[in-house]
Amino acid sequence: MPKLIKNAKELILETSEKLLFQVGYKDFKIREIARRCGIASGTIFNYFTNKEMLITAIMARDWDNLLVDIKRECDLATDIATAVSIIYKGVRSFVEKYESIFVDYPGNIIGQFREYHLTVRQQITDILSNLLSRLNRMEPLPVISIFAEAILASSAQKDIDLQALLQFTSLLFPPVAE
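Residues numbered from 1 in each chain as written. Predicted model: local features only at pLDDT ≥ 70, side-chain atom pairs only at ≥ 80, totals over all residues. Heavy atoms only, no water.

Chemist: Help me get a handle on the nonpolar core, residues and values and all.
Modeler: By size, the foremost hydrophobic cluster in this structure holds 50 residues, and its most contacted members are Ile33, Ile44, Leu54 and Ile87. Elements that contribute at least two residues to this core include exactly helix H1 (8-23), helix H2 (30-37), helix H4 (51-76), helix H5 (80-104), helix H7 (114-134), helix H8 (141-156) and helix H9 (162-172). Of all the elements, H5 adds the most residues to this core, at 11 residues. Non-local contacts of Ile87, meaning those with residues more than four positions away in its chain, are made with Ile70, Cys74, Ile124, Ile127, Leu128 and Ile151. (Core = buried A, V, L, I, M, F, W, Y, C linked by side-chain atoms within 4.5 Å. Buried < 20%, exposed > 50% of the residue type's maximum accessible area, 1.4 Å probe, protein only. Helix = DSSP H or I, 4+ residues; strand = E, 2+ residues; numbered from the N terminus. Contact = heavy atoms within 4.5 Å.)

Below, the structure is given as structure tokens:
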């Protein structure tokens, strides 16, 4: 009779995340995860079709948790610059955490993560839309989407720092006279 494990998927994800950051992408092995979890490798494949899907699930779970924090902090923001700083720092911390994984990832990582990129941009657009609405700043959606892309790109790359982004923010959204 097969061994039943409560919360097997969560156990696999937690164990996998620890292993991923201990050994890196290249030495991340399903067999080692199974050994550490005390399960058969096939059990892992019941949840994840391959190593890349498992890593993607780890990253998605991590992003979802970070997004909750970003939304909560942005809901408290009283100005656009504060929210932009929160989003920038959140995305930057995520990128820095997974940078070594991105470097070692085989093939075209950009192509494989395009769908996720669009989802993340939409999530940032939604946060900005809510903030702007709360601040009585009604901007056209394309402007907000393009701005979300600028925040995402600048926080994911090292060539545009937060100060430059905030300067751009002040040009795009000048203070409203009361």
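Chemist: Explain unusual backbone geometry to me, and be specific about the residues and the numbers.
Modeler: When glycine is set aside, most residues are seen to have a negative phi, and most peptide bonds are trans. One non-glycine residue, Asn136, lies in positive phi territory at about 55°. By the element assignment, Asn136 lies in the loop between H7 and H8.

Chemist: I'd love a proper account of the packing of H5 against H9, names of residues and values included.
Modeler: Closest axis-to-axis distance for the H5/H9 pair is 10 Å, and the angle between their directions is 145°. The way H5 lies across H9 gives a crossing that is right-handed. Touching Ile80, Ala81, Val84, Ser85, Tyr88 and Lys89 of H5 are Leu162, Leu165, Leu166 and Thr169, all from H9. Classifying every residue of the contact of H5 with H9 by side-chain character gives seven nonpolar, two polar and one charged. (Axes fitted to C-alpha atoms, helices over the stretch in contact; angles between N-to-C directions. Left-handed = near helix turned anticlockwise from the far one by under 90°. Nonpolar A, V, L, I, M, F, W, Y, C, P; charged D, E, K, R; others polar.)

Chemist: If you had to explain the packing of aromatic side chains to someone new, which residues and values would you point to?
Modeler: Tallied over the full model, the rule gives six aromatic pairs. Between the aromatic rings of Tyr47 and Phe48, the centroid separation amounts to 6.4 Å while the plane-to-plane angle is 45°, which identifies the pairing as tilted. With centroids separated by 5.1 Å and ring planes inclined at 65°, the aromatic side chains of Phe147 and Phe173 adopt a geometry described as edge-to-face. Of this pair, Phe147 sits in helix H8 while Phe173 sits in the segment after H9, and the two are 26 residues apart along the sequence. The class for Phe147 is buried, based on a relative accessible area of 2%. Ring pairing ties together the aromatic residues Phe21, Trp63, Phe94 and Tyr98, which thus form one cluster. Here Lys51 stacks its cationic end above the ring of Tyr25, 4.1 Å away from the centre of that ring. (Phe/Tyr/Trp six-rings, centres within 6.5 Å; stacked < 30°, edge-to-face > 60°. Lys NZ or Arg CZ within 6 Å of the ring centre and 35° of its normal.)

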